[in-house]
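Chain by chain, the residues:
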Amino acid sequence: MAAVLRRGVKLISSGSSQLLSGGCKHGRTSTLCISSSRPSSSKINVELDSSTGIAVMRFQNPLVNSLNLDFLTEICISLEKLELDKSCRGVILTSAQPKIFSAGLDILEMYGKNPEHYAAFWKSVQEIWLKLYGYSKITIAAINGSSPAGGCLIALTADYRIMADNPRYTIGLNETQLGIVAPFWFKDTMLNTVGHRTAELSLQFGLMYTPSDALKINLVDLVVPEEQVLSTATETMTKFLAIPGHAREISKSMMRKPVVDRLLSCRDADIKNFVSFISKDSIQKSLGQYLSMLKQKKS
Ligand SMILES: CCCCC/C=C\C/C=C\CCC/C=C/C(=O)SCCNC(=O)CCNC(=O)[C@H](O)C(C)(C)COP(=O)(O)OP(=O)(O)OC[C@H]1O[C@@H](n2cnc3c(N)ncnc32)[C@H](O)[C@@H]1OP(=O)(O)O
């Protein structure tokens, strides 16, 4: 899997991605980069600073970082590589797209397709959640844009959330607004973060929160000026890194394992449930209407 290219440079490749260590793009010898072997098609960019052990994973899936099957797979592969890389100690998740952290699950993956497609897609959604919620290393979400539904879920899996102070950005699990339902593991992730009553109202209404409102309900941990989101995430990561690693990791696992195990114990049933739900005519109709609304918003 890994090959030494020249002194201090190793290449790890899997699928379309490569991991280069040593001096790369930025001329900093301590920087590792993961990028696609076909850079134009890469949906994420990862830089790992080997002097600090901090990796920054930037989502760059135009236009709005919607989570389709390919994108989810690419994120998962990169997370796996970083988890195996001993020089990586923590990952900052952020967006390279303007104004959007992630638009959530790609609605087109759930609309007008066949059951096999829905099953494959849902499996990849489960996969990314299992990987991130159970991630052994530290994760921080640097939320530099809007983050509805699946985008919010990605942020919720992080150990810490820092959001840009821009009232035009919103975050939340808005599934009911689309006529769909956040599954139990989305719900559990939210509940473990904001508490029962807030989660209950939030899920039923499909509420989207401005950064200051998200801070009030602990959906995010910190709100900072937009240009400071990444630097604050790096500072925060340094604080996490000061804690003895094994103790922090066990504590994280202790808090999250029961929820992870719950999905692990019924993955196939959860996929069946999703396929049956999403294939219903009434649900397809709701999604179709929501997609039309998104298009009309432009005109
Ligand atoms: C017993 C019962 C059990 C029930 C449970 C069982 C199973 C569970 C079932 C279902 C669970 C599904 C969980 C779903 C999770 C999701 O994540 S659904 C997706 C939710 N996302 C949204 O609602 C976001 C919608 N988008 C927006 O609000 C905005 O687009 C924006 C992200 C804020 C960006 O706004 P703006 O910058 O103005 O850009 P545009 O609106 O113009 O968008 C640009 C183009 O992108 C398209 N697009 C946007 N979001 C998505 C998306 N999520 N998927 C696909 N495409 C998207 C948009 O249509 C534009 O396209 P065009 O350029 O017009 O082609």
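Scoring rules and cut-offs
Here the residue index of a chain counts from 1 through its sequence in written order. Note on the predicted model: pLDDT of at least 70 is required for a residue's local features to be given, and 80 or more for side-chain atom pairs to be given and counted; whole-chain, interface and lining totals, by contrast, use all residues. Labels follow the DSSP assignment, with helices taken as runs of H or I lasting at least four residues and strands as runs of E lasting at least two, numbered in each case from the N terminus. We call a residue exposed when 12 or fewer other C-beta atoms sit within 10 Å of its C-beta, buried when the count reaches 20 or more, and partly exposed for counts in between; the C-beta positions come from the backbone. Working definition of a contact: two residues with C-beta atoms, positioned from the backbone, lying within 7 Å. Expected span of a helix, by definition, is 1.5 Å for each gap between consecutive residues, and there is one gap fewer than residues. The angle between two axes is taken between their N-to-C directions and runs from 0 to 180 degrees, where each axis is a line fitted to C-alpha atoms and a helix contributes only its stretch in contact. Note on terminology: angles under 35 degrees are roughly parallel, angles over 145 are roughly antiparallel, angles of 65 to 115 are roughly perpendicular, and the others are oblique. In this scheme the crossing of two helices becomes right-handed for a clockwise turn of the near helix relative to the far one and left-handed for an anticlockwise turn of less than a right angle. Residues are grouped as follows: nonpolar covers Ala, Val, Leu, Ile, Met, Phe, Trp, Tyr, Cys and Pro; charged covers Asp, Glu, Lys and Arg; every other residue, Gly included, is treated as polar. Residues are counted as near a molecule or strand when the C-beta atom, derived from backbone positions, lies within 6 Å of that molecule or strand. Strand pairing follows a simple DSSP-based rule, namely that at least 2 bridges must link the two strands. Residues of type Ala, Val, Leu, Ile, Met, Phe, Trp, Tyr and Cys that are buried and joined through C-beta atoms within 7 Å form what is called a nonpolar core. We call a crossover right-handed when, viewed with the strands running away from us, the connection from the first strand over the helix to the second turns clockwise. Per-residue confidence from the predictor is given as pLDDT, running between 0 and 100.

Asker: I'm lost on the overall build of the chain in this one. Help?
Answerer: The helix and strand inventory of the chain stands at ten helices and twelve strands. Counting over 299 residues, the chain shows a buried share of 39%. Counted over contacts in the chain with a minimum sequence separation of 6, partners at least 24 positions apart contribute 68%.

Asker: What's the story with helix α10 (residues 281-298) in this structure? I'm lost.
Answerer: Structurally, the α-helix is built with 3.6 residues per turn, so residues lying three or four positions apart point the same way. The first and last C-alpha atoms of α10 sit 26 Å apart over 18 residues, in line with the 26 Å expected at 1.5 Å per residue. Little of α10 is tucked away, with zero of its 18 residues classed as buried.

Asker: Would you take a moment to explain the packing of helix α1 (residues 69-84) against helix α2 (residues 115-133) for this structure?
Answerer: Think of two packed helices as two axes; the pair is described by the angle between the axes and how far apart they sit. Relative to each other, α1 and α2 sit at 30°, their axes nearing to 9 Å. Looking at the two axes, α1 sits roughly parallel to α2. Crossing angle aside, the handedness with which α1 passes α2 is left-handed. Seen from α1, the contacting residues are Leu-69, Leu-72, Thr-73, Ile-75, Cys-76 and Leu-79; seen from α2, they are Ala-120, Phe-121, Ser-124, Val-125, Glu-127, Ile-128, Lys-131 and Leu-132. In terms of residue class, the contact of α1 with α2 is made up of ten nonpolar, two polar and two charged.

Asker: Help me understand the site of the ligand, please; the structure alone is not making it clear to me.
Answerer: Around the ligand, the structure places 30 residues, and the nearest of them are Ala-103, Gly-104, Leu-105, Ala-149 and Gly-150. For the shell around the ligand, the secondary structure elements donating two or more residues are α9 (267-278) and α10. Split into classes, the residues belonging to the shell around the ligand amount to 18 nonpolar, six polar and six charged.

Asker: What should I look at first to understand the pairing of strand β10 (residues 160-164) in this one?
Answerer: The side chains of a regular strand alternate, first on one face of the sheet and then on the other. Among the five residues that make up β10, five are buried, leaving the element largely enclosed by the rest of the structure. When strand β8 (residues 138-143) meets β10, the two strands line up parallel, connected through four bridges. Among the inter-strand pairings, Ala-141 is bridged to a residue of β10, identified as Arg-161. Where β10 and strand β12 (residues 222-224) come together, three bridges link them in parallel fashion. When the sheet's bridge partners are listed, Met-163 is paired in β12 with Val-223.

Asker: Whenever I open this one, the nonpolar core confuses me. Can you help?
Answerer: Nonpolar side chains tend to gather and get buried jointly when the protein is soluble and globular. In this structure, Ile-92, Ile-140, Ile-143 and Ile-171 are the most contacted members of the largest nonpolar core, which totals 71 residues. Tallying contributions element by element places α2 first for this core, with eight residues.

Asker: Would you explain the environment of Leu-264 in this entry?
Answerer: Residue position: Leu-264 is located in helix α8 (residues 245-264). Judged by C-beta crowding, with 13 C-beta atoms within 10 Å, Leu-264 ranks as partly exposed. Counting along the chain gives 138 residues from Leu-264 to Gln-126, while the straight-line C-alpha distance between them is 9.2 Å.

Asker: Would you mind going over the packing of α2 against α8 with me for this structure?
Answerer: It is the contact of α2 with α8, at a shortest axis distance of 10 Å, that shows an interaxial angle of 160°. Looking at the two axes, α2 sits roughly antiparallel to α8. Crossing geometry of α2 relative to α8 is assigned as left-handed. Here Gln-126, Leu-130 and Tyr-133 of α2 come into contact with α8, specifically with Arg-256, Val-259, Val-260 and Leu-263. Residue composition of the contact of α2 with α8, grouped by class: five nonpolar, one polar and one charged.

Asker: Where do I start with the pairing of β8 in this structure?
Answerer: In terms of residue burial, β8 counts as a mostly covered element, since six of its six residues are buried. Going residue by residue along β8, you find Ile-138, Ile-140 and Ala-142 tucked away on one face and Thr-139, Ala-141 and Ile-143 tucked away on the opposite face as well. Read from strand β7 (residues 90-95) through α2 to β8, the crossover connection turns out right-handed.

Asker: Explain unusual backbone geometry here, please?
Answerer: Outside of glycine, negative phi angles account for most residues, and trans bonds account for most peptide bonds. Put simply, Pro-62 and Leu-63 share a cis peptide bond, and its omega is -5°. With respect to the secondary-structure elements, Leu-63 resides in the loop between β6 (54-59) and α1. Although it is not a glycine, Asn-65 adopts a positive phi angle of roughly 55°. You can see Asn-65 is positioned in the loop between β6 and α1. Of note, the phi angle at Ala-149 is positive, near 45°, even though the residue is not glycine.

Asker: Before we go on, may I ask you to explain the confidence of the model for the chain in this structure?
Answerer: A low pLDDT score tells you not to read the predicted coordinates there in detail. On average, residues of the chain score 89 in pLDDT, and 86% of them reach the 70 mark or higher. With pLDDT under 50 throughout, residues 1-33 is counted as low confidence; its partners more than four residues away or in other chains account for 62 contacts. Within the model, the stretch residues 35-39 combines pLDDT values under 50 with eleven contacts to residues more than four positions away or in other chains. Taken together, the chains of this predicted complex give a pTM of 0.91 and an interface ipTM of 0.98.

Asker: Would you mind going over the environment of Ile-217 with me for this structure?
Answerer: Locating Ile-217 in the fold gives a position in the loop between α6 (211-216) and β12. Separated by 23 residues in the primary sequence, Ile-217 and Val-194 have C-alpha atoms spaced 6.0 Å apart. Setting aside residues no more than four positions away along its own chain, Ile-217 makes contact with Val-194, Thr-198 and Tyr-209.

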